[in-house]
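Chain by chain, the residues run as shown.
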Amino acid sequence: MPEKTLLAFAEHGTVKPPMPKDGGDAEEVLRRFAAAGVDVDKLAATLQVDGAQSFVKSWAELLQRISEKGAALATA
């Protein structure tokens, strides 16, 4: 998870009970979004792509830092 996300949650987030196994009112919420003109399928696809890209970027940054730290230790 990106550090900025963790810091933002630490500052503003609250832990709530988990979503019910049956999804709770998720279907109703999505129906309301669609009724308001939101293309729910397009939104879901965008969130999946953006989320995956964010994860890959964070993972690459982590691997780069590990490599840099390893190189620094090797020369120490």
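For the structure itself, look to the data block above.
Residues numbered from 1 in each chain as written. Predicted model: local features only at pLDDT ≥ 70, side-chain atom pairs only at ≥ 80, totals over all residues. Heavy atoms only, no water.

## Structural notes on a nonpolar patch on the surface
Moving on, step 1. On the surface, a nonpolar cluster with roughly 620 Å² of combined accessible area is contributed by F55, V56, W59, L62, L63 and I66.
Moving on, step 2. Relative to the assigned elements, L62 resides in helix 3 (residues 40-75). (Patch = residues over 30% accessible without salt bridge, like charges linked within 9 Å, V, L, I, M, F, W, Y side chains within 5 Å. Areas by Shrake-Rupley, 256 points an atom, 1.4 Å probe, with all protein chains shown as cover. Salt bridge = Lys/Arg side-chain N within 4 Å of Asp/Glu carboxyl O. Helix = DSSP H or I, 4+ residues; strand = E, 2+ residues; numbered from the N terminus.)

## Things to note about the packing of aromatic side chains
Moving on, step 1. This structure, assessed with the given rule, holds one aromatic pair.
Moving on, step 2. With a centroid separation of 6.2 Å and 10° between ring planes, the pair formed by F55 and W59 is classed as stacked. With F55 and W59 both in helix 3 and four residues apart, the pair spans about one turn of that helix.
Moving on, step 3. Taking relative accessible area as the criterion, W59 reaches 46% and is therefore assigned partly exposed. (Phe/Tyr/Trp six-rings, centres within 6.5 Å; stacked < 30°, edge-to-face > 60°. Buried < 20%, exposed > 50% of the residue type's maximum accessible area, 1.4 Å probe, protein only.)

## Concerning the environment of E28
Moving on, step 1. With respect to the helices and strands, E28 occurs in helix 2 (residues 26-35).
Moving on, step 2. By relative accessible area, E28 is classed as partly exposed at 36%.
Moving on, step 3. Between the C-alpha atom of E28 and that of K42, which follows or precedes it by 14 residues, the distance is 18 Å.

## Details of the pattern of salt bridges
Moving on, step 1. In the structure shown here, the tally under the stated rule is two salt bridges.
Moving on, step 2. For E28, the salt bridge is made with R31, and the minimal N-O distance between the two is 3.4 Å. Taken together, the residues span about one helical turn, with E28 and R31 both in helix 2 at a distance of three residues.
Moving on, step 3. Here E61 and K57 are joined by a salt bridge, their closest N and O atoms 3.9 Å apart. Residue E61 and its partner K57 are located together in helix 3, separated by four residues, close to a single helical turn.
Moving on, step 4. Looking at K57, the relative accessible area reads 54%, which means it is exposed.

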